[in-house]
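Fold and geometry: a report
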Amino acid sequence: MNPARPAINRLFRFQWEPAQQAHVLLYPEGMVKLNQSAGEILKRCDGARTVSQIVADLEAAFNASGLAPEVEAFLEMADAQNWITWNTD
Amino acid sequence: MDTLLVPPDAMQRRPGPLWLLAEVTYRCPLHCAFCYNPVDFAQAGPELSTDDWLKVIREARALGAAQFGISGGEPLLRDDIEILVREARGLGFYTNLITSGVGLTEARLAALKDAGLDHIQLSFQDATREANDLITNTRTFDLKRKVAAMTKAAGYPTVINCVLHRTNIDHLDRIIEMAVEIGAEYLELANTQYHGWAFLNREALMPTAAQLAEAEAVTERWKARLGKKMRILFVTPDYQSKKPKKCMNGWGEVFLSVTPDGLALPCHTARMLPGLEFPNVRDHGIDWIWHDSPLFNRFRGTAWLPETCQSCEDKDKDHGGCRCQAFMLTGDPSATDPVCPKSPDHGLIDAALAEAEKPGTVHPLVFRDPKNSTRLARPF
């Protein structure tokens, strides 16, 4: 189990954007428009929840199971994009 | 059903702007010879009031704009940018102050942070005091370093922009090293685009091909060393890359700039273009300006493109390049951007590049200040 807790990188701001009807990541002079699953995952990256807590939370919210691989793959990509940082303390 | 309440034409409307750039003033304590501001800025009309700007901010946000940049000139010379930031941030804009740092005191920074400012982009002109102060024609170097430390202490990521040109590009190694020392998260190395004052000073600012190649190599070395610790973006110059750029991601597609005196523009240098009527935000709403004004529709899409571009497979990628560059070099704002090798005017670019390779020629810099601006605006 990974005790690290993902948080949105302070270089980005995450918010719901009515004109896009989507969650977005805003950063200087740019915007990433997120699909629904990406938005739901990042919404839970608050620096307090671990990855397994996020997975459990999503499975409960969407009445689904086996979401771990999808969530982990997304977080790996988000990390590579610098969208998230990891709280470890 | 909710959707039935939406009038059919509204459903087919193009998206609104994503990015509002407020150039709140042409006044500036620096006199950079590479400034993209119009050479005749001293002729501009009176600056917009706070209320004018608040109206622009609200209307642009209502159309879906999400980025709010405050630039100039030096925006800190206005005492109301805290008010503008507070309004923009409250409406959901990502707010970005683009500043030389001159005028950013502890008190001002605290007020901006309290207003919700998201981000500060600080411009550096060079890594050594002598070179920084030479190109800006001021003594500001120590102040800039102090401001960088201050914004970092206030919790802002340190994002530095440095414009590269013939007289500082050989110091690039030191410039990057300095950015690392300051603890910058992001460094943008923007090669000079030859607009405004930079066009006027083109011969003095254009690096040689060898200088540019070395700069790219230096950048690559640092990138490999720093990884994610500090991101470096090296913006290649149009002239050397020979690739026309889709100006502002397409004319009237995402970007809306408003000048200090209220002109709404599809790109921050468009007011130099002849034969166009620039709508003023004092007279028109942003909705009309964006969707319906002749200006924003003039170079929208690709239907207006000249023949050279119409038959080109890249036309959707580059929309014929930069309108201002086309105008400055050929006199025709609807020409193919001469940086494109397919342009019938591409020889002008080769000539400018060849000029840069000539040894021993010294071109004096014309500094961006009101006196020079007034002088240059005179026809005789």
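Residues numbered from 1 in each chain as written. Chains lettered and ligands numbered in written order. Predicted model: local features only at pLDDT ≥ 70, side-chain atom pairs only at ≥ 80, totals over all residues. Heavy atoms only, no water.

Examining the overall build of chain B
This is how it is decided: By the criteria applied, helices consist of DSSP H or I runs no shorter than four residues and strands consist of E runs no shorter than two, each listed in order from the N terminus. Computation of the radius of gyration draws on C-alpha atoms, with the globule rule given as 2.2 Å multiplied by the number of residues to the power 0.38. For every residue, the accessible area (1.4 Å probe, protein chains only) is compared with the maximum for its type, and the residue is labelled buried under 20%, exposed over 50%, or partly exposed between those bounds. Note on areas: Shrake-Rupley with a 1.4 Å probe; residue coverage comes only from the protein chains shown. His is not counted, nor are the chain ends, whereas Lys and Arg count as positive and Asp and Glu as negative. The location of each charge is read from NZ of Lys, CZ of Arg, CG of Asp or CD of Glu.
A count of helical and extended segments in chain B gives 18 helices and nine strands. The C-alpha radius of gyration computed for chain B amounts to 21 Å, which stays within 12% of the reference 21 Å derived for 380 residues, consistent with globular compactness. Over its C-alpha atoms, taken along the principal directions, chain B stretches across nearly 65 × 55 × 50 Å. When the 380 residues of chain B are sorted by exposure, 55% land in the buried category. For chain B, the accessible area works out to roughly 16300 Å², and carbon and sulfur atoms hold 56% of it. Of the side chains in chain B, 43 bear a positive and 49 a negative charge, and the two mean positions are spaced by 3 Å.

A few points about the environment of Val 180 of chain B
Residues and elements named next belong to chain B. Short version of the rule: The contact criterion used is simple: two residues touch if any of their non-hydrogen atoms lie within 4.5 Å.
With respect to the helices, strands and loops of the structure, Val 180 is situated in helix H7 (residues 172-182). Here the alpha-carbon distance between Val 180 and Asp 318, two residues 138 residues apart in the chain, equals 34 Å. Apart from the residues lying within four places of it in its own chain, the contact partners of Val 180 are Trp 222, Leu 226, Lys 229 and Met 230.

A look at the sheet that holds strand S6 (residues 186-191) of chain B
Residues and elements named next belong to chain B. Selection criterion: Strand pairing is assigned whenever DSSP identifies at least 2 bridges connecting the two strands.
Judged by pairing direction, the sheet is mixed, and its nine strands sit side by side in the order S7-S6-S5-S4-S3-S2-S1-S8-S9 without closing on themselves. With one partner strand each, in any of the chains shown, strand S7 (231-235) and strand S9 (264-265) form the two edges of the open sheet. Bridge count for strand S3 (residues 94-99) against strand S4 (residues 119-124) is four bridges, and the pairing is parallel. The residue of S4 that forms the bridge with Ile 98 is Gln 121.

Points about the nonpolar core
Looking at soluble globular proteins, one finds that nonpolar side chains tend to be buried together. What counts, and what does not: Nine residue types can take part in a nonpolar core, namely buried Ala, Val, Leu, Ile, Met, Phe, Trp, Tyr and Cys, and a core is a set of them joined through side-chain atoms within 4.5 Å.
Ranked by size, the top nonpolar core spans 77 residues in total, and within it Leu 20, Phe 68, Leu 172, Ile 176 and Leu 189 of chain B carry the most contacts. In terms of residue count, the dominant contributor to this core is H7 of chain B (six residues). Among residues more than four places away in sequence, those in contact with Ile 176 of chain B are Leu 187, Leu 189, Val 218, Thr 219, Trp 222, Leu 226, Met 230 and Ile 232 of chain B. Within the second largest apolar cluster, 20 residues are counted, among which are Val 32, Ile 41, Cys 45 and Trp 83 of chain A.

Thoughts on the pattern of salt bridges
If charged atoms from side chains of opposite charge come close, those side chains can pair. Where we set the bar: One side-chain nitrogen of Lys or Arg within 4 Å of one carboxyl oxygen of Asp or Glu is enough to make a salt bridge.
Per the counting criterion, the structure on display carries 30 salt bridges over all chains. Its salt-bridge partner being Glu 253 of chain B, residue Lys 246 of chain B comes within 3.9 Å of it at the nearest N-O pair. By relative accessible area, which is 27% here, Glu 253 of chain B ends up partly exposed. Ionic pairing is found between Glu 355 of chain B and Lys 358 of chain B, a salt bridge with its closest N-O pair at 3.2 Å. Assessed through its relative accessible area of 27%, Glu 355 of chain B is described here as partly exposed. Three or more residues joined by partner-sharing salt bridges are found here, namely Glu 40, Lys 43, Arg 44, Asp 46, Arg 49 and Asp 57 of chain A.

Some details on the sheet that holds strand S3 (residues 22-27) of chain A
Residues and elements named next belong to chain A. Worth spelling out the cut-off: The convention used is that axes are lines fitted to C-alpha atoms, helices contributing only their stretch in contact, and that angles between N-to-C directions extend from 0 to 180 degrees.
Read across the sheet, three strands follow the order S2-S3-S4 without closing on themselves; strand pairing throughout is antiparallel. Of all the strands in the sheet, just strand S2 (13-17) and strand S4 (30-33) have a single pairing partner and so form its edges. Neighbour-to-neighbour, the strand axes of this sheet turn through a mean angle of 30°, independent of strand direction. Here S2 pairs with S3 via five bridges, running antiparallel. When the sheet's bridge partners are listed, Glu 17 is paired in S3 with Ala 22.

Observations concerning the packing of aromatic side chains
In plain terms, the rule: Centres within 6.5 Å make a pair out of two Phe, Tyr or Trp rings, where for Trp the six-membered ring is used; the pair is then stacked when the planes are under 30 degrees apart, edge-to-face when over 60, and tilted otherwise. Geometrically, a charge over a ring is one whose NZ (Lys) or CZ (Arg) sits within 6 Å of the ring centre while staying within 35 degrees of the ring normal.
Taken as a whole and judged by the stated rule, the model has ten aromatic pairs over all chains. The interplanar angle of 45° and the centroid separation of 6.3 Å between the aromatic rings of Phe 74 of chain A and Trp 83 of chain A together place this pair among those described as tilted. In this structure, Phe 74 of chain A and Trp 83 of chain A share a single accessibility class: buried. Aromatic ring contacts, followed pair by pair, group Tyr 26, Phe 41 and Trp 197 of chain B into a single cluster. Directly above the ring of Tyr 156 of chain B sits Lys 113 of chain B, whose terminal nitrogen or CZ lies 5.0 Å from the centroid. A cation over a ring is seen here: Arg 368 of chain B above Phe 41 of chain B, with NZ or CZ 4.2 Å from the ring centre.

Describing the confidence of the model for chain B
All names here are of chain B. Rules: Per-residue confidence from the prediction method is given by pLDDT, with values spanning 0 to 100.
Residues at a pLDDT of 70 or more form 92% of chain B, whose mean pLDDT is 89. Note on residues 1-8: pLDDT is under 50 here. Beyond four places in sequence and across chains, it has one contact. This complex was scored by the predictor with a pTM of 0.88 and an ipTM of 0.85.

Describing helix H10 (residues 209-226) of chain B
All names here are of chain B. Selection rule: Every helix has an expected span of 1.5 Å times one less than the residues it contains. Taking the helix axis as origin, the arc is that swept by the directions to the C-beta atoms.
The terminal C-alpha atoms of H10 lie 26 Å apart, and with 18 residues this matches the ideal 26 Å at 1.5 Å per residue to within 8%. Within the sequence span of H10, burial applies to Gln 211, Leu 212, Ala 215, Val 218, Thr 219, Trp 222 and Leu 226. Buried residues along H10 cover an arc of 125° about the axis, so they all sit on one side. Residues of H10 that are exposed and point over 90 degrees away from its buried face: Ala 210, Arg 221 and Ala 224. Structurally, H10 contributes buried residues whose contacts are with H7, S6, S7 and helix H11 (238-241).

Thoughts on the environment of Trp 53 of chain B
All names here are of chain B. Within the secondary structure, Trp 53 is located in helix H2 (residues 50-62). Using a relative accessible area of 0% as the deciding quantity, one classes Trp 53 as buried. Once residues within four sequence positions are removed from consideration, Trp 53 is found in contact with Ala 22, Glu 23, Val 24, Leu 48, Arg 78, Leu 84, Val 258, Thr 259 and Pro 260.

As for the interface of chain B and chain A
Inclusion rule: Defined here as a combined quantity, buried area equals the accessible surface (1.4 Å probe) lost by two parts on assembly, summed across both.
Residue-level contacts link 22 residues of chain B with 17 residues of chain A. Both faces combined, the contact of chain B with chain A buries some 1500 Å², and carbon together with sulfur accounts for 47% of it. Contact with chain A buries surface across chain B, with Gln 67, Tyr 94 and Lys 228 of chain B losing the most and accounting together for 31% of the total. At the boundary of chain B with chain A, the tally comes to four salt bridges. Between Arg 61 of chain B and Glu 17 of chain A there is a salt bridge; the shortest N-O distance is 2.4 Å.

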